[in-house]
Amino acid sequence: ALINNSALDNCVFLGVEEKNSLYEDGDICVKGAIICILYKYSCTMTFAIKEINQRSDLLPHLKLGYHIRDSCDDIPVALRALLSFNSSNLGCAAVYRTVSPVIIGDASSGISMALLRSLGSFRIPLVSYFASCSCLSDQREFPTFMRTMPSDAFQIRALARLVSYFGWTWVGVIGVESDYARFAIQLFLQESVQYGVCAAYTHFYPVTLSQQALDKLLNMASSKVIINFSGESEMQGILKEIGRWNITGLQWIASEAWATATLLWEKFGDLLTGTLGFAIRRADVIPGLEEHLTSLRPSDIHKSGFLAEFWEETFNCRLNGSVNSHSHGVGNYLDRLPCKGTESLDDVYSPYSDVTQLRVSYNVYKAVYLVAHALQDMSDCKGGKGPFSNGTCADPKHFKPWQASRSVCSDSCPPGSRVARRKGEPICCFDCVPCAEGEVSNETDSLECTRCSEDTWPNRARDLCIPKTIEYLSYHELMGIMLCVVSVLGACISLSILAIFFTYKDTPLVRANNMELSFLLLVFLAVCFLVGLLFIGEPSDWLCRIRYPAFGISFALCISCLLAKTAVVLMAFRSTLPGSNVMKWFGPNQQRASVFLGTAVQVIICLIWLLTSPPHANNNTDYHSATIIMECVTGSEVCFWCVLGYIGILACMCFLMAFLARKLPDNFNEAKFITFSMLIFFAVWITFIPVYVSTAGKYTVAVHIFAILASAFGLLFCIFAPKCCIIILKPEKNSKKHIMQRDLIALLDVTVQ
């Protein structure tokens, strides 16, 4: 069934029967000047029904019929009209024909709410094409309500943004005394706060505007910008009074109910200059509608009192036997000339036949199709897969009212998705598109998804923003624990070897291998192992500024020690040659100085780095949007690679000298062990560079620590493991006689070669 508000639209009861009859009757009260528009909506409804009944792909075994009734913009009249047609469905006296328990209407939000509350226990579905109150979106209170008109929630949001865009922060907000205006103004006041817009005043005026009500309204107008939530007729009364008072310079913001009212613009165009507002969506064309509207002929006008009054008002004439006794147009009704019977709608302009602004008419058209598609879904339902208990289906010829309520062109889009309109199809036909990455929607049938803040991310259902996962290499995870244990173990081994060397410091093996530099190297290796701990844990600015310089300086110390030890081997060999006094120029003081001189260059690089663009902590969300990677960024990439490059230069020098000294006598010769350690060092760090560049997050840090530990262990075991093996397991070889005997043979071999 369909019921309309005569102040805006005509009302229609829509029925469903087998395809053997189409029936119609009318009992309509009308309101003069808008009679053309009312009849246009009725004819749009009949056109949609006719179009559906002629289609073979939609309801091929059913035929739609209708009853037309008018609510007269009055709740008691609307209820009386509804009950008169649904008495059989509501348990009252039977009527001669069964009426489909589906209502299309009312145009008024207030009347729609009254109908829904009165008929709520019967669960009769109601589809409105003009009721826009956001209150009707409450599915718990109005579970059987649907509409082809957008909720005011969207219009209000747009209006708040509009006034904010123009910098109007002090606006008057008025509306007719109705549920529509009351909820709209309440929503606007809530929404406008977000945009810094304040209401100079809010005022509700009665539907019937008395002189006293108009005077009170205009005396309140302390703002030049006024938003009015009302219909066309109320706005017409306000504009008349404004013209009489000669008030100018008002900036009107129109609600959708009067934003496109042609009569207002024709009569009060000078007062409405610059008016802004949002209109109801317009259909470019409904094929065949114009021909249907203009097909009305004089022979049809006596079928209904409504048609007779429409004809008389359109052509300003009087029909014989007309029940109409008053005029809504110009002049006295009794002074009109009789209608000739040759009148044609093609010869006059009428809002009725104007199809250039199909807005509400388009909503009526979609509402009829909504019901048709619901019935088609019922027809297509297969037993065992239906939406009702035990998978049953409804009979489209004999269905209960509530069975037509979850039947829609498209199912509602759940939270976590948004509505995507289908091009070229009615507005109630749409697809549900999941919210994009980083966006959520927590409402059903949301038109847009909202982006989460920088530190939050959608949950799996994408209906709630939750805190992002924070990632860094922690002491509490397995990888962090393992690296921590290995770092401490490496430092402990280094210190243990230092203790062994210190205990056996007077033995020939320890003394022959540059004891002081060996002690320094072991201490610096222990520091290198412990530097790995600086890379574990939550990054902070101070930790980042310690981490990289400590790494660079500790390895510079180690390689500088090795470089000094290798140089000592070469110098010692040269000092054994006749006439050579090289060793006096490279004694213990010079050896220590060379170590710290080699490290000083690295210290200078690190100081420049810290003073110009130091490393710092950073929250990285670029690699994985759902995760905040807490990391140390180098600050200056140039300085970072300079630190690594300098370590590489020292290592290359050390490798070259060790390679040259690899065949010298054993008591002097650590060179071959240093050569092996440098090869391991190069292999680790050459592999490190591509892996470091290609990983992200805590795995980058883990790769860096692994490179530090692997290279440190390589130095430790290659240089000191053979010596510890002799000191502990083969003490008989740790004697001066044994070493001198072996070195003499090796020296003769080198001399011969």
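Every chain is numbered independently, its residues counted from 1 as its sequence is written. Local features are withheld for residues below a pLDDT of 70 in this predicted model, meaning they are given only at 70 or higher, and side-chain atom pairs are given and counted only at 80 or more; totals for whole chains, interfaces and linings count all residues. Hydrogens and waters are ignored; side-chain quantities use all the structure's heavy atoms.

Describing the pattern of salt bridges
Phase 1: Basic side-chain nitrogens of Lys or Arg form a salt bridge, by our definition, when they fall within 4 Å of a carboxyl oxygen of Asp or Glu. In total, this model carries nine salt bridges according to the counting rule given.
Phase 2: With a closest N to O distance of 3.0 Å, Glu477 and Lys698 form a salt bridge. Placement of the pair is Glu477 in the loop between strand E18 (469-471) and helix H13 (478-503) and Lys698 in helix H20 (residues 698-729), with a sequence separation of 221 residues. Each of the two residues, Glu477 as well as Lys698, counts as buried. Secondary structure counts use DSSP, requiring at least four H or I residues in a row for a helix and at least two E residues in a row for a strand, with both numbered from the N terminus. We call a residue buried when its accessible area falls under 20% of the maximum for its residue type, exposed when it is over 50%, and partly exposed in between, using a 1.4 Å probe and counting protein chains only.

Structural notes on the packing of helix H15 (residues 515-531) against H20
The description of two packed helices rests on the angle between their axes and on the distance between the axes.
Phase 1: Their axes nearest at 9 Å, the elements H15 and H20 cross at an angle of 155°. Classified by the angle their axes make, H15 and H20 are roughly antiparallel. Like other packed secondary-structure pairs, H15 and H20 cross with a definite hand, here left-handed. Residues Ser518, Leu521, Leu522, Leu525, Cys528 and Phe529 of H15 touch H20, and the partners they reach there are Ile708, Leu709, Ala712, Phe713, Leu715, Leu716, Ile719 and Phe720.
Phase 2: Three classes are used, and their members are as follows: Ala, Val, Leu, Ile, Met, Phe, Trp, Tyr, Cys and Pro are nonpolar, Asp, Glu, Lys and Arg are charged, and the others, Gly among them, are polar. Partitioned by chemical class, the residues of the contact of H15 with H20 number 13 nonpolar, one polar and no charged. Under this scheme, a helix contributes an axis fitted over its contacting stretch, all axes are lines through C-alpha atoms, and angles between N-to-C directions fall in the 0 to 180 degree range. Here the angle decides the label: under 35 degrees means roughly parallel, over 145 means roughly antiparallel, 65 to 115 means roughly perpendicular, and every other value means oblique. For any pair of crossing helices, the crossing counts as left-handed if the nearer helix is rotated counterclockwise from the farther one by less than a right angle, and right-handed if it is rotated clockwise. Should any heavy atoms of two residues lie within 4.5 Å, those residues are considered in contact.

What about the environment of Ala671?
Phase 1: Tracing the chain through its elements places Ala671 in helix H19 (residues 671-694).
Phase 2: You can call Ala671 buried: its relative accessible area is 1%.
Phase 3: The spatial distance from the C-alpha of Ala671 to the C-alpha of Phe659 is 6.8 Å, given a sequence separation of 12 residues.

Considering a nonpolar patch on the surface
Phase 1: What goes into a patch is any residue over 30% in relative accessible area without a salt bridge, connected to like charges within 9 Å or, for nonpolar side chains (Val, Leu, Ile, Met, Phe, Trp, Tyr), within 5 Å. All accessible areas in this document rest on Shrake-Rupley with a 1.4 Å probe, and a residue is counted as covered only by the protein chains that are shown. A cluster of nonpolar residues, Trp641, Ile689 and Val693, forms a patch on the protein surface that exposes about 270 Å² of accessible area.
Phase 2: With respect to the secondary-structure elements, Ile689 resides in helix H19.
Phase 3: With relative accessibility at 38%, the residue Ile689 sits in the partly exposed group.

Observations concerning the nonpolar core
Note that soluble globular proteins tend to have their nonpolar side chains buried in a common cluster.
Phase 1: We define a nonpolar core as any set of buried Ala, Val, Leu, Ile, Met, Phe, Trp, Tyr and Cys residues linked to one another through side-chain atoms lying within 4.5 Å. If you look at the biggest cluster of nonpolar residues, it comprises 74 residues, and the most contacted ones within it are Phe551, Ile559, Leu562, Met678, Phe681, Trp685 and Phe720.
Phase 2: For this core, the elements supplying multiple residues, two or more each, are H13, helix H14 (508-512), H15, helix H16 (541-575), helix H17 (588-612), helix H18 (637-660), H19 and H20.
Phase 3: No other element matches the 15 residues that H20 contributes to this core.
Phase 4: Setting aside residues no more than four positions away along its own chain, Phe551 makes contact with Val531, Phe535, Leu644, Ile647, Trp685, His704 and Ile708.

Points about the sheet that holds strand E19 (residues 616-620)
Phase 1: A strand pair is defined by DSSP finding two or more bridges across the two strands. Spatially, the three strands line up as an open sheet ordered E18-E20-E19, and their pairing is mixed. The open sheet has two edge strands with one neighbour each: E18 and E19. Within this sheet the neighbouring strands show an average axis-to-axis angle of 25°, counted without direction.
Phase 2: Sheet topology note: the E19/strand E20 (residues 627-633) ladder contains five bridges and is antiparallel. Across the sheet, Asn618 pairs through a bridge with Glu631, a residue of E20.

What about the UniProt feature "transmembrane region" (unreviewed entry) in the protein?
Phase 1: UniProt positions are given in the numbering used here, feature names are shortened, and annotations may be inferred rather than shown by experiment. The UniProt feature table records "transmembrane region" (unreviewed entry) at residues 478-504, 516-536, 548-573, 593-612, 638-661, 673-693 and 705-729.
Phase 2: The span residues 478-504 carries 96% helix and 0% strand; its end-to-end C-alpha distance comes to 39 Å.
Phase 3: The span residues 673-693 carries 100% helix and 0% strand; its end-to-end C-alpha distance comes to 31 Å.

Observations regarding the sheet that holds strand E11 (residues 276-277)
Adjacent strands of a sheet form backbone hydrogen bonds with each other and so pair up, either parallel or antiparallel.
Phase 1: Strand order in this open sheet of five strands is E8-E7-E9-E10-E11, and the pairing throughout is parallel. Edge positions in the sheet fall to strand E8 (198-205) and E11, since each has one partner strand and no second.
Phase 2: Along the sheet, helix H6 (residues 179-192) contacts strand E7 (170-176), E8 and strand E9 (225-229); its crossing angle with E7, the most-contacted strand, is approximately 160°.
Phase 3: Packed on one face of the sheet, helix H8 (residues 232-245) meets E7, E8, E9 and strand E10 (251-254) and runs near 175° to E10.

Side note on the pairing of E9
Phase 1: Burial analysis of E9 places five of its five residues in the buried class, the great majority of the element.
Phase 2: Burial of the side chains of E9 extends over both faces: Val225, Ile227 and Phe229 are buried on one face and Ile226 and Asn228 on the other.
Phase 3: In terms of strand pairing, E7 meets E9 through four bridges, oriented parallel. Its bridge partner lying in E9, Gly175 is registered against Phe229.
Phase 4: In this sheet, E10 lies alongside E9 in parallel orientation, the contact comprising four bridges.

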